[in-house]
Amino acid sequence: MTDERGAELLRGGGGSHRATFLELFLDVVFVFAFTRVSQRLIDDVAAGGGRLPLELTQTLVLLLALWMVWSLTAWATSHYDPEQPPIQAVMVGSMFGSLVMAVSVPAAYGPHGLSFAAGYVAIQVGRSLYLTVALRRHFQRHLSSRILIWSAVSAVLWIGGGLVGEDGRLLCWALALLIDYAGVVVGWPVPRLGRATATAWTVTGEHLAERYQQFTIIALGEMIFVAGVGFSGSDFTLLRWIALLDAFATTVLLWRIYFHRAGSVLVEAVAQARQPARLGQSATWTHLTMIAGIVTTAVGYEVAIAEPGGHADVVRVAAIVGGPALFVVGRARFEYEVFGRVSWSRVIGLLLLVLGVPLLSRLPLLGIAAGVTAVLTGMAVADALRARGRPPEHPASPM
């Protein structure tokens, strides 16, 4: 018999589909978390050396762990009713666990490794365990119990990694992340229960889409924060003022490119999809790609602000050019998810960024950043010209 108390925790059809203030409060923690990740990347790029690939991989693992926490929390509040006290308790616990992870990021492969792992495990295991118990005999209990089992398996590697040395820690955490992300992809299969498909998540599509939009704004805000902090701590020279203006312009362009037009109709696209959860699951990966691109762009432009006339080595070029290129890749996929096609401006812009690297590498850092901004400007102008005089395009997702 279905448990009535468990059913109350699920979203009903009559409630608000907007994100709650508590969810926005959670996002504030991730603003701080992203600044910690960006600072690690900045330190990695500044240090350089033969260990750079290893250090970049370490930072990538931390970013993927934070994204896993945020995305599963967003899915949970789209599946369960965030106005219910038990779900709000899950949110508050996730906030504190995310804060523990964020403050541990700078020394996560040093003395604070165990605290980062403990924060992650407490969120992933605690959320699933709490919901499994709270749902009682409700059939949706099997969804949280599947996630609980997979999270418990990866928790061994997370905690074990926090107890071993730096290199062993990276291996343990990478394997743990592989388990966690594989669980999302294959539906957390367990014996007797089988696996949960995307359709098992009876999500509120409008809410989930809005959460992706909000998180993109968070990432763009973090880009402005990093540029502002980097500039305020330096001498206010003319070249640095130009670099700050260029970083701000790039942030605005990334915002414009994201929201025109796919980003602005994402809520409508998910709401109209035959399987909202399937589109939402696909959008998870594309937004991860765009977020990683924005974070990398923030690092690249902070470097350009610090040394606008500096030498363009491989690492700095990769940060300044690679971040926007990664964003464009994710944005092209995002456009396909919403409209079933990819604009030529995305393809041409990506080719210009990639093929222009040999030429841009001959310029100082500010020149490289300005070249990237010019490409993004061309992309935004092409979008505006294509939409001029035409009615707004409606979503036509192939999903």
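Residues numbered from 1 in each chain as written. Predicted model: local features only at pLDDT ≥ 70, side-chain atom pairs only at ≥ 80, totals over all residues. Heavy atoms only, no water.

The name an unreviewed UniProt entry assigns to the chain is Low temperature requirement protein A, from the organism Micromonospora terminaliae.

Peer 1: Would you mind showing me how to read the overall build of the chain here?
Peer 2: Scanning the chain for helices and strands turns up 15 helices and 0 strands. For the chain, the C-alpha radius of gyration of 22 Å lies close to 21 Å, the compact-globule estimate for 399 residues. Counting every position in the chain, which comprises 399 residues, the buried fraction comes to 54%. At a minimum sequence separation of 6, the contacts of the chain that also span at least 24 residues come to 83%. (Helix = DSSP H or I, 4+ residues; strand = E, 2+ residues; numbered from the N terminus. Rg over C-alpha atoms; globule rule 2.2 N^0.38 Å. Buried < 20%, exposed > 50% of the residue type's maximum accessible area, 1.4 Å probe, protein only. Contact = heavy atoms within 4.5 Å.)

Peer 1: Looking at this structure, how should I read unusual backbone geometry?
Peer 2: The bulk of non-glycine residues show a negative phi, and the bulk of peptide bonds are trans. With an omega of 0 degrees, the peptide bond running from histidine 260 to arginine 261 counts as cis. In this fold, arginine 261 is placed in the loop between helix H9 (238-259) and helix H10 (266-272). A positive phi angle, close to 50 degrees, is found at tryptophan 188, a residue other than glycine. Position of tryptophan 188 among the secondary structure elements: in the loop between helix H7 (166-186) and helix H8 (205-232).

Peer 1: What exactly am I supposed to notice about the nonpolar core here?
Peer 2: In a soluble, globular protein the nonpolar side chains are often hidden away together inside. Phe116, Trp158 and Trp173 are the most contacted members of the largest nonpolar core, which has 111 residues in total. Setting aside its immediate chain neighbours within four residues, tryptophan 173 contacts Val61, Leu62, Ala108, Tyr109, Gly113, Phe116, Ala117, Leu157, Trp158, Gly161 and Gly162. Leu9, Leu10, Tyr80 and Ile87 belong to the second largest nonpolar core, which has 9 residues in total. (Core = buried A, V, L, I, M, F, W, Y, C linked by side-chain atoms within 4.5 Å.)

Peer 1: Explanation requested: H8 in the structure shown.
Peer 2: For an α-helix the count is 3.6 residues per turn, leaving residues at separations of three or four pointing the same way. Taking 1.5 Å per residue as the helical rise, H8 with its 28 residues ought to reach 40 Å, and the 41 Å between its terminal C-alpha atoms agrees with that figure. Of all 28 residues in H8, 20 are buried, a share of seventy percent or more. (Expected span 1.5 Å × (residues − 1).)

Peer 1: Sorry, what's going on with the side chain of serine 94 here?
Peer 2: Along the polypeptide, serine 94 turns up in helix H4 (residues 85-104). According to the relative accessible area criterion, serine 94 is buried, its value standing at 3%. Look past the residues within four positions of serine 94 in its chain and what remains in contact with it is Leu26, Thr73 and Ile123.

Peer 1: So what exactly am I meant to see when it comes to the packing of helix H3 (residues 52-79) against helix H5 (residues 113-135) here?
Peer 2: For any two helices packed against each other, the geometry is given by the interaxial angle and the distance between the axes. Interhelical geometry of H3 versus H5 gives an angle of 25 degrees and a closest axis separation of 11 Å. Here H3 is positioned roughly parallel relative to H5, judged by the angle of their axes. You can see that H3 and H5 cross each other, and the crossing is left-handed. Between H3, through Leu62, Ala65, Met68, Val69, Leu72, Thr73 and Ala76, and H5, the contact on the second element is made entirely by Phe116, Tyr120, Ile123, Gln124 and Arg127. When grouped by side-chain class, the residues that make up the contact of H3 with H5 number 9 nonpolar, 2 polar and 1 charged. (Axes fitted to C-alpha atoms, helices over the stretch in contact; angles between N-to-C directions. Parallel < 35°, antiparallel > 145°, perpendicular 65-115°, else oblique. Left-handed = near helix turned anticlockwise from the far one by under 90°. Nonpolar A, V, L, I, M, F, W, Y, C, P; charged D, E, K, R; others polar.)

Peer 1: Help me out: how do you make sense of the packing of aromatic side chains in this one?
Peer 2: Two descriptors summarise a pair of aromatic rings, namely the distance from one centre to the other and the angle between the planes of the rings. The full count for this structure, using the stated rule, is 18 aromatic pairs. Arranged with centres 5.4 Å apart and planes meeting at 40 degrees, the rings of tryptophan 158 and tryptophan 173 form a pair that is tilted. Note that tryptophan 158 is positioned in helix H6 (residues 141-163) and tryptophan 173 in helix H7, a separation of 15 residues in sequence. Ring pairs connect the aromatic residues Phe30, Phe34, Trp67, Trp70, Tyr212 and Phe215, which therefore count as one cluster. (Phe/Tyr/Trp six-rings, centres within 6.5 Å; stacked < 30°, edge-to-face > 60°.)

Peer 1: Which parts of the structure should I look at to understand empty space enclosed by the protein?
Peer 2: If you roll a probe as big as a water molecule over the atoms, it shows you where there is empty space left. Per the stated rule, a full pass over the model turns up 3 cavities of 30 Å³ or more. Of the volumes computed, that of the second largest cavity is approximately 60 Å³. Every residue along the wall of the second largest cavity is listed here: Met68, Leu72, Gln124, Ile147, Trp150, Ser151, Ile179, Asp180, Gly183, Val184 and Trp188. Among the elements of the structure, H3, H6 and H7 are those that each provide at least two residues to the lining of the second largest cavity. Top contributing element to the lining of the second largest cavity by residue count: H7, with 4 residues. For the lining of the second largest cavity, the per-class residue count stands at 7 nonpolar, 3 polar and 1 charged. (1 Å grid on protein atoms, 1.4 Å probe; cavity = no way out; pocket = protein on both sides within 12 Å on 5 of 7 lines; lining within 4 Å. Points joined across faces, edges and corners; volume = space filled by probe spheres on them.)

Peer 1: Before we go on, may I ask you to explain the layout of surface pockets in this structure?
Peer 2: Volume-wise, the largest pocket comes out at about 350 Å³. As for the largest pocket, its lining consists of 17 residues, of which Leu41, Leu56, Ala292, Thr296 and Ala319 are closest to the centre. Looking at the lining of the largest pocket, the element that brings in the most residues is helix H12 (residues 314-339), giving 6 residues. When its residues are assigned to classes, the lining of the largest pocket shows 13 nonpolar, 4 polar and no charged.

Peer 1: Would you mind going over the side chain of serine 98 with me for this structure?
Peer 2: The topology assignment puts serine 98 in helix H4. Looking at serine 98, the relative accessible area reads 1%, which means it is buried.

Peer 1: Please explain a nonpolar patch on the surface as it appears in this structure.
Peer 2: Judged by side-chain polarity, Tyr336, Val342, Trp344, Val347, Ile348, Leu351, Leu352, Val354 and Leu355 come together as a nonpolar surface patch covering roughly 900 Å² of accessible area. No other element matches the 7 residues that helix H13 (residues 344-355) contributes to the nonpolar patch. In this structure, leucine 355 sits in helix H13. (Patch = residues over 30% accessible without salt bridge, like charges linked within 9 Å, V, L, I, M, F, W, Y side chains within 5 Å. Areas by Shrake-Rupley, 256 points an atom, 1.4 Å probe, with all protein chains shown as cover. Salt bridge = Lys/Arg side-chain N within 4 Å of Asp/Glu carboxyl O.)

Peer 1: Would you take a moment to explain the environment of alanine 380 for this structure?
Peer 2: In this structure, alanine 380 sits in helix H15 (residues 365-387). Expressed as a C-alpha distance, the spacing of alanine 380 and serine 345, which sit 35 residues apart in the sequence, is 8.5 Å. Those residues in contact with alanine 380 that sit more than four places away from it in its chain are Leu253, Arg256 and Ile257.

Peer 1: What am I meant to see in the pattern of salt bridges here?
Peer 2: Side-chain pairs of opposite charge can arise where the charged atoms are in close proximity. The final tally for this structure, using the stated rule, is 14 salt bridges. For arginine 51, the salt bridge goes to glutamate 55, with nearest N and O atoms at 4.0 Å. With a relative accessible area of 39%, arginine 51 lands in the partly exposed category. On the accessibility criterion, glutamate 55 (17% relative accessible area) is buried. The structure contains a network of salt bridges with shared partners spanning Arg331, Glu335, Arg341, Arg346, Asp383, Arg386 and Glu393.

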